[in-house]
Amino acid sequence: MKNIIFFILIIMAWPEIQAQKYIYFDENGNKINKSKFLKNWRDKDLLLSRWDSLGNDGKRYVRLKKDLYLKAKSDYNYINKELEKLTNKSIPENTILLLNFNFKDDLCTSRWDNNWTKNDIQIRKHFLDPIKATIEKDSIIYLVLFEKGMIVKNNTKRKNEYFFLDENSFFRKNIFKNPTLCGSFALIKPNGQTLIRNGEYRADDMVQHLIPENWNLFFGAED
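This one's a predicted model, so the numbers in the text were calculated from it and none came from an experiment.

(A) Representation of the pairing of strand β3 (residues 49-54). With six bridges joining them, β3 and strand β4 (residues 60-65) adopt antiparallel strand pairing. Paired with Asp52 across the two strands is Val62, which belongs to β4. In this antiparallel pair of consecutive strands, β3 and β4, the connection spans five residues, and Gly58 shows a positive phi of 85°.

(B) Here's a closer look at the nonpolar core. Formed by 44 residues in total, the largest nonpolar core has its most connected members in Leu98, Leu99, Phe171 and Ile175. Counting residues per element, this core draws most heavily on strand β8 (residues 140-147), which supplies six residues. Leaving out residues up to four positions away in the same chain, Leu98 has contacts with Ile135, Ile140, Ile141, Tyr142, Leu143, Phe185, Ala186, Leu187, Ala203, Met206 and Val207. Core analysis: the second largest hydrophobic core is formed by seven residues, Tyr24, Leu38, Val62 and Leu64 among them.

(C) Representation of the environment of Leu97. Mapped onto the fold, Leu97 is located in strand β6 (residues 96-102). Sequence-wise, Leu97 and Pro190 are 93 residues apart; in three dimensions their C-alpha atoms are separated by 8.3 Å. In contact with Leu97, other than residues within four places in its own chain, are Tyr76, Ile79, Leu83, Ile91, Ile141, Ala186, Leu187 and Ile188.

(D) Region of interest: the environment of Asp129. With respect to the helices and strands, the residue Asp129 is situated in helix α4 (residues 118-135). The class for Asp129 is partly exposed, based on a relative accessible area of 38%. Between the C-alpha atom of Asp129 and that of Tyr162, which follows or precedes it by 33 residues, the distance is 9.8 Å.

(E) Geometry of empty space enclosed by the protein. Under the counting rule described, the total for this entry stands at one cavity of 30 Å³ or more. A volume near 30 Å³ is recorded for the largest cavity. If you trace the largest cavity, you find it lined by Asn102, Phe103, Asp106, Trp112, Asp113, Trp116 and Met150. Tallied by class, the residues present in the lining of the largest cavity amount to four nonpolar, one polar and two charged.

(F) Quick look at the layout of surface pockets. The volume enclosed by the largest pocket comes to roughly 500 Å³. Asn102, Arg111, Trp112, Trp116 and Arg124 are, among the 24 residues lining the largest pocket, the residues nearest its centre. Only β6, β7 (115-116), α4 and β8 provide two or more residues apiece to the lining of the largest pocket. Across the lining of the largest pocket, the residue classes tally to 14 nonpolar, four polar and six charged.

(G) Fine view of the sheet that holds β6. The six strands lie next to each other as β5-β12-β11-β6-β8-β10, forming an open sheet whose pairing is mixed. Looking at the sheet topology across the chains shown, the edges are occupied by β5 (69-73) and β10 (163-166). The average undirected angle you get between the axes of adjacent strands in this sheet is 25°. In this structure, β8 lies alongside β10, joined through four bridges in parallel fashion. Its bridge partner lying in β10, Glu147 is registered against Asp166.

The rules behind each value
- Residues numbered from 1 in each chain as written.
- Predicted model: local features only at pLDDT ≥ 70, side-chain atom pairs only at ≥ 80, totals over all residues.
- Heavy atoms only, no water.
- Pairing = 2+ DSSP bridges.
- Helix = DSSP H or I, 4+ residues; strand = E, 2+ residues; numbered from the N terminus.
- Core = buried A, V, L, I, M, F, W, Y, C linked by side-chain atoms within 4.5 Å.
- Buried < 20%, exposed > 50% of the residue type's maximum accessible area, 1.4 Å probe, protein only.
- Contact = heavy atoms within 4.5 Å.
- 1 Å grid on protein atoms, 1.4 Å probe; cavity = no way out; pocket = protein on both sides within 12 Å on 5 of 7 lines; lining within 4 Å.
- Points joined across faces, edges and corners; volume = space filled by probe spheres on them.
- Nonpolar A, V, L, I, M, F, W, Y, C, P; charged D, E, K, R; others polar.
- Axes fitted to C-alpha atoms, helices over the stretch in contact; angles between N-to-C directions.

Here's what the structure looks like:
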């Protein structure tokens, strides 16, 4: 009987226990409640991303960031050469680069960790392969990168391999500087214009930013 009562008390207290595991912060570093956090995060006008991390106290710290979109001017030729070294493949000139970056210690879902097994990759590629095929019809190359320190059971000798570990941390240090829940995307044009989109997204949706009226929202004639 005592065990039953104890179990009922645990069930009743579970929401409160769960709430204590999460600590929320707004984009200015101020602690806020979950309701306010979700409201801000979902506000499309605020253009916020988020990053979750586990503290030494076992709590999950959830922070908003003012970086849903970032733009930059990159050295396209240098990046192209780094990609060729990483992939051991030649990348044609004037190819638009679409990079999808996965961060170490990402808490995107409960089943994610830093170990991508062959089965994990196979499942992910089953979803991405047709998207990649469509994207690359338009002078675009699509690559999926993983932060150094992750385990990626890919086969770099495969002719069509497009999952690669950022072994020298070049892309983490130079493009994907802001760790973001569920990864980031970057579009890099031959003229160096670079658009980064942080947070969960789809590769085919990212390509839609290349439509001139969309691209011009970020890059004007002066860029």
